[in-house]
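Listed below are the residues making up each chain.
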Amino acid sequence: FAPIVVFIFMYRLWSKRGRDPKGRGTIIAQYESPDGLTPAEIGTMIDGSADNKDVSSTIIDLAVRGFLKIKRTEEKGLFGLGKYTEYTFTKLKDDEPERDFEKEVMKGIFDSGKEKKLSELKNKFYKTLTKVKSQLYENVTQKGYYAKNPNTVFGMWIAIAIFGGGMLAGLFGAIQGGWGVFSGIVSGIIILIFGWLMPAVTKKGAELKENILGFKDFLS
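Per chain, residue numbering runs from 1 following the sequence as it is written. Local features in a predicted model are, by the rule used here, given only for residues with pLDDT of at least 70; side-chain atom pairs are given and counted only at 80 or more, and totals for whole chains, interfaces and linings are based on all residues. Heavy atoms from the whole structure form the basis of all side-chain values; hydrogens and water molecules are not counted.

A. Representation of the overall build of the chain in the model. Strands are runs of DSSP state E lasting at least 2 residues, helices are runs of H or I lasting at least 4, and numbering of each runs from the N terminus. From N to C terminus, the chain includes 8 helices and 3 strands. Secondary structure elements in the chain, listed N-terminal to C-terminal, are α-α-α-β-β-α-β-α-α-α-α. By the compact-globule yardstick of 17 Å for 220 residues, the chain is too spread out, its C-alpha radius of gyration being 22 Å. Viewed in the frame of its principal axes, the chain has a C-alpha envelope of about 65 × 50 × 30 Å. Whether a residue is buried, partly exposed or exposed follows from its accessible area with a 1.4 Å probe, protein chains only, as a fraction of its type maximum: under 20%, in between, or over 50%, in that order. The 220 residues of the chain split such that 40% are buried. Any two residues whose heavy atoms approach within 4.5 Å at even a single point are treated as in contact. Restricting the contact set of the chain to residue pairs at least 6 apart, pairs at least 24 apart contribute 68%. Roughly 13600 Å² of accessible area belongs to the chain as shown, and the carbon and sulfur atoms make up 60% of that amount. Note on charges: Lys and Arg go in the positive column, Asp and Glu in the negative column, and His and the chain ends are not counted at all. One atom stands in for each charge, and that atom is NZ of Lys, CZ of Arg, CG of Asp or CD of Glu. A gap of 4 Å separates the mean positions of the 32 positive and 25 negative side-chain charges of the chain. Radius of gyration here is computed from C-alpha atoms only, and the compact-globule reference equals 2.2 Å multiplied by the residue count raised to the power 0.38. Each accessible area is a Shrake-Rupley estimate made with a 1.4 Å probe; only the visible protein chains count as cover when residues are assessed.

B. Geometry of the side chain of R99. When you line up the elements, R99 lands in the loop between strand 2 (83-91) and helix 4 (100-109). For R99, a relative accessible area of 17% puts it in the buried group. Setting aside chain neighbours within four positions, we find R99 in contact with G36, T38, E41, R65 and K143.

C. Region of interest: the side chain of N211. Inspection of the secondary structure assignment puts N211 in helix 8 (residues 203-219). A relative accessible area of 17% places N211 in the buried class. Contact partners of N211, with chain neighbours within four places excluded, come to R24, Q30 and P34.

D. Representation of the nonpolar core within the structure. Among the nonpolar cores identified, the biggest contains 20 residues, and F89, V105 and I109 are the most heavily contacted of them. At the level of secondary structure, the elements contributing two or more residues to this core comprise helix 3 (52-64), helix 4 and helix 5 (126-142). Apart from the residues within four sequence positions on either side, F89 is in contact with I59, L68, K69, I70, I109, F110, K114, E115, K116, L118 and L121. Definition used in this section: a nonpolar core is a set of buried Ala, Val, Leu, Ile, Met, Phe, Trp, Tyr and Cys residues joined via side-chain atoms within 4.5 Å.

E. Structural detail: the packing of helix 6 (residues 150-176) against helix 7 (residues 178-197). Convention adopted: a line fitted to C-alpha atoms gives each axis, helices being fitted over their contacting stretch, and angles between N-to-C directions are expressed from 0 to 180 degrees. Between helix 6 and helix 7, the shortest axis-to-axis distance is 7 Å and the interhelical angle comes to 165°. Classified by the angle their axes make, helix 6 and helix 7 are roughly antiparallel. Two packed elements cross with a definite hand, and for helix 6 against helix 7 that hand is right-handed. Here the nonpolar group is Ala, Val, Leu, Ile, Met, Phe, Trp, Tyr, Cys and Pro; Asp, Glu, Lys and Arg are the charged ones; every other residue, Gly included, is treated as polar. For the contact of helix 6 with helix 7, the residue count by class is 14 nonpolar, 10 polar and no charged. Note on terminology: angles under 35 degrees are roughly parallel, angles over 145 are roughly antiparallel, angles of 65 to 115 are roughly perpendicular, and the others are oblique. Left-handed is the label given to a crossing in which the near helix is rotated counterclockwise from the far helix by less than a right angle, and right-handed is the label when the rotation is clockwise.

F. Structural context of unusual backbone geometry. Positioned with a positive phi, D35 is a non-glycine residue whose angle comes to about 55°. Looking at where D35 falls in the secondary structure, it is placed in the loop between helix 1 (2-18) and helix 2 (39-47). D35 gets classed as exposed once you look at its relative accessible area, which sits at 53%. The backbone phi angle of N123 is positive, close to 65°, even though this residue is not glycine. Looking at the secondary structure, you find N123 in the loop between strand 3 (115-117) and helix 5. Judged by its relative accessible area of 74%, N123 falls in the exposed class.

G. Fine view of the packing of helix 3 against helix 4. Closest axis-to-axis distance for the helix 3/helix 4 pair is 10 Å, and the angle between their directions is 85°. In terms of orientation, helix 3 and helix 4 fall into the roughly perpendicular class. The segment helix 3 lies against helix 4, with V55, T58, I59, D61 and L62 engaging F101, E102, V105, M106 and I109. Taken together, the residues of the contact of helix 3 with helix 4 sort by class into 7 nonpolar, 1 polar and 2 charged.

Right, here's the structure in full:
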């Protein structure tokens with residue numbers, strides 16, 4: 001019965017603290033980016049998650065705005081066998097972009113020199129990805145779209161799910177054996193699922209998401 005009790009408790013907690021407020025309830029076509037947001041910020045807001053695609057969109061957006069150039073070439077494979085697609089990034093401006101996460105992307109690509117191949121960034125750029133995603137979460141929170149930093153909320157609930165599920169598995173296991181351990185693990189998974197849904201947007205954020213959907217309709 002423990003997973004049922006945990007489910008009811010987490011559902012009530014999510015209803016009070018994690019449920020997004022209602023927006024206007026109407027999707028109206030938007031003919032430009034809402035609030036002047038970048039593609040990465042829009043991507044983070046629309047699904048509540050800063051993804052690799054959002055970082056990739058930042059690289060393309062920086063190219064559109066003239067900070068860098070992207071060149072696609074066909075390169076020969078090892079020993080001249082086969083071909084593969086290579087992308088070369090060339091820095092065009094010494095001026096830094098406005099936003100912190102954009103500066104971090106430029107720094108991650110052009111850590112040395114003004115030209116870099118995509119293949120040279122393998123096993124290196126993942127550090128930049130982590131920082132950029134963290135900055136994206138911080139950025140949308142500072143603008144008032146989220147009540148609390150989603151990344152911080154995610155981390156807190158992951159810790160609670162692991163610790164709580166482990167504690168329950170150990171306690172119930174001592175009482176009921178295998179079924180008790182299973183019950184504790186399921187309880188932890190329930191906490192983790194609701195924890196993922198817990199970050200809540202503000203009223204401003206809810207209305208922004210509707211505007212983003214209106215912008216999506218226009219682009220479609």
